[in-house]
Amino acid sequence: VFGAGFEQAGSSMNLFAERDTNRVLFGWEIPTGWLQNVNPFFIIVLAPVFGMVWVWLESRQKDPSIPMKAGLGLLGLSAGFFVLAWGAANASPDNLVSPSWLVVTYFLHTVGELCISPIGLSAITKLSPERRVGQMMGIWFVGAALGNLFAGLIGGSLESLEADTLFRTVAMIIGGAGIFALIVAPQVKKLMGSTR
């Protein structure tokens, strides 16, 4: 679910940047793909901050569990799509919107990514049976590949859906998954035993 939403950066979000975003800065038009550099920039800036926060929380025994971080990551991604849906609702061919809608969306997506991505492979290696770690890591990457496939299929629906409708629908689906993940997080944590 996370991959299907997050990988919209290369499809529907890029199309939104191209069609509905005013990319002119001081008389120069910013290439559409350059806006995708916002996420890596936020990763570089925020990764040390998140690392320090997780260590600080762990030192106080308040570090969220792996399932809780997964739910928080999904909610961050969902929040980004709600912001983008709001921006897309204000966009038209005669009224291009500011790139700040995408910047805020990428910020929220990065926050979600920094909650969920670092825990994925770690959880796989910790929770898999010893002789099946390689296979389970392969399944993790199959999940990522399926996320990319669904991202492309969702992005292709911009031909028949308005951008704000698409982004709002994606936000609601991912938000629902995030809320479900938070609800079941305590039970999943119990099933994990002493694994952190």
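How each quantity is defined
Residues numbered from 1 in each chain as written. Predicted model: local features only at pLDDT ≥ 70, side-chain atom pairs only at ≥ 80, totals over all residues. Heavy atoms only, no water. Helix = DSSP H or I, 4+ residues; strand = E, 2+ residues; numbered from the N terminus. Rg over C-alpha atoms; globule rule 2.2 N^0.38 Å. Salt bridge = Lys/Arg side-chain N within 4 Å of Asp/Glu carboxyl O. Buried < 20%, exposed > 50% of the residue type's maximum accessible area, 1.4 Å probe, protein only.

What is the right way to look at the overall build of the protein chain in this model?
A tally of regular secondary structure across the protein chain gives seven helices and two strands. Put simply, the protein chain runs from its N terminus to its C terminus through helices and strands in the order α-α-β-β-α-α-α-α-α. For 196 residues, the compact-globule estimate of 2.2 N^0.38 gives 16 Å, and the C-alpha radius of gyration of the protein chain, at 18 Å, lies within 12% of that figure. For the C-alpha atoms alone, the extent of the protein chain along its principal axes is close to 55 × 35 × 30 Å.

Can you help me understand the pattern of salt bridges in this one?
Any two side chains of opposite charge can pair if their charged atoms end up close together. Per the counting criterion, the structure on display carries four salt bridges. A salt bridge links E159 to R19; its shortest N-O distance comes to 3.5 Å. Remark: R19 occurs in helix α2 (residues 12–20) and E159 occurs in the loop between α6 (133–156) and α7 (163–192); sequence separation between them is 140 residues. For E159, a relative accessible area of 66% puts it in the exposed group.

Worth remembering: the numbers are spatial, not functional.
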